[in-house]
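Observations on the model geometry
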Amino acid sequence: MLNTLMLTSELTDDLETAARLLKQGKLVAVPTETVYGLAADARNSSAVNNIFIAKGRPSDHPLIVHMHAASALHDWAQDIPAEAFALAQAFWPGPLTLLLKKADHVDSVVTGGLDTIGLRVPAHPVLLKLLASHQLAVAAPSANPYKQLSPTSAQQVMETMAGKLDAVLDGGDCEFGLESTIVSLVDGAIQVLRAGPISPAQLEAVLGQKVQSPLQHQVKVSGNVAAHYQPKTRLRCVSADELVELLTSTKLKLAVLSFSDLSFNAQPHWQLIMPTNAQDYGRVLYKQLYLADQSGAELILLELPPAGDEWAAVQNRLQRAAYQEG
Ligand code: TXA
Ligand code: MG
């Protein structure tokens, strides 16, 4: 068990401590605009390997490398197509990960043995400053135990990962709350492999061409396994009608996440009214699922959000969070 320090990004000394720990090959959870990341110096293979151990994540699931600027693309990738620079220019720093052919020197521990690499420049000012002022690049998956909910606050990282990493750098609550959009630019095709804050329409507007969003693909994106982003309590996503029905029929202790107050039918054990705007919803989704999980409920019922492009990232996470085998 490690003694996990809580560092605050408001103190210069704490920022220096975070940088020093990373350079020493330690693991530090860092804030990003999407979710908190479990970071290690991307050039230190044994440090990167410890990320997999801390998360309990299979070592063939590749990690995203976070860089301070697009100018560092050549340090990590080769045969970079023009579209990659166009997307970087438009969306970095920001919640977009580009998959490119990896540079020869990059250790395959980072890429899970693949010859491609995921790269992004995060928009969180604290992390950007840390990377830029120390010439660091960090490999970082979301800072949660494998398959569980991604953390959107430093406190949540501490509660679920303490003892497994050296420090948590507190940079406040995450602005987006859902992981970055992942776009593959390998082999001439442009494909969205994970829906996220940057929509296909936004990508198409920059590229002047259609991008594909295959619903099913074989690429090793860990979010691509059916069960992922899961609360410990069983989660069911239902329509408003089903919800009303279940509220009266079930005897289980319920946590309810709905768009309107339906508790006139029965008193749920725990209830939360969710935002009707997709962006606001995405920001609080993991946090509310995390709280629902801790409420002592036996079942979480969530009222399904509407269909529509702006809800794609939320719908994608909900499907995997509610997945049940058999
Ligand atoms: O917003 C985010 O992307 C957050 C923050 C911390 O940056 N990171 C994140 O990391 O969500 P993680 O590891 O939880 O999810 C990253 C996904 C994984 O599903 C991984 O398989 C995929 O990116 N990935 C990374 N490199 C890849 C590659 N070379 N080929 C295919 N998938 C890759
Ligand atoms: Mg993750």
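Cut-offs used in this document
- Residues numbered from 1 in each chain as written.
- Chains lettered and ligands numbered in written order.
- Predicted model: local features only at pLDDT ≥ 70, side-chain atom pairs only at ≥ 80, totals over all residues.
- Heavy atoms only, no water.
- Axes fitted to C-alpha atoms, helices over the stretch in contact; angles between N-to-C directions.
- Helix = DSSP H or I, 4+ residues; strand = E, 2+ residues; numbered from the N terminus.
- Left-handed = near helix turned anticlockwise from the far one by under 90°.
- Contact = heavy atoms within 4.5 Å.
- Nonpolar A, V, L, I, M, F, W, Y, C, P; charged D, E, K, R; others polar.
- Domains from an automatic or database assignment.
- Buried area = accessible area lost by both parts, 1.4 Å probe.
- Salt bridge = Lys/Arg side-chain N within 4 Å of Asp/Glu carboxyl O.
- Polar contact = N/O pair within 3.5 Å; in protein donor to acceptor, adjacent residues only side chain to side chain.

We now examine the packing of helix H4 (residues 82-91) against helix H7 (residues 200-207). Angle between the axes and distance between the axes: these two values describe a pair of packed helices. Two elements in contact, H4 and H7, have axes separated by 10 Å at closest approach and are oriented at 115°. Our pair here, H4 against H7, has a crossing hand that is right-handed. Facing Glu 83, Ala 86, Leu 87, Ala 90 and Phe 91 of H4, the residues of H7 in contact are Gln 202, Leu 203, Val 206 and Leu 207. In the contact of H4 with H7, the residues fall into 7 nonpolar, 1 polar and 1 charged.

This part is about the domain arrangement of the protein chain. For the protein chain, the domain assignment lists domain 1 (5-207) and domain 2 (235-321). One C-alpha centre belongs to domain 1, the other to domain 2, and the line joining them spans 29 Å. With 18 residues of domain 1 at the contact, the number on the domain 2 side is 13 residues. Of all residues in domain 1, Leu 149, Leu 178 and Ala 195 give up the largest surface area on contact with domain 2, accounting jointly for 40% of the area buried on that side. Summed over the shared surface of domain 1 and domain 2, the result is 2 salt bridges. With a closest N to O distance of 4.0 Å, Asp 173 and Lys 287 form a salt bridge. At the boundary of domain 1 and domain 2, one finds 6 residue pairs in polar contact (both at pLDDT 80 or more). If one sorts the elements of the side of domain 1 that touches domain 2 by residue count, helix H6 (residues 154-161) sits on top with 3 residues. For the side of domain 1 that touches domain 2, a count of residues per class yields 6 nonpolar, 7 polar and 5 charged.

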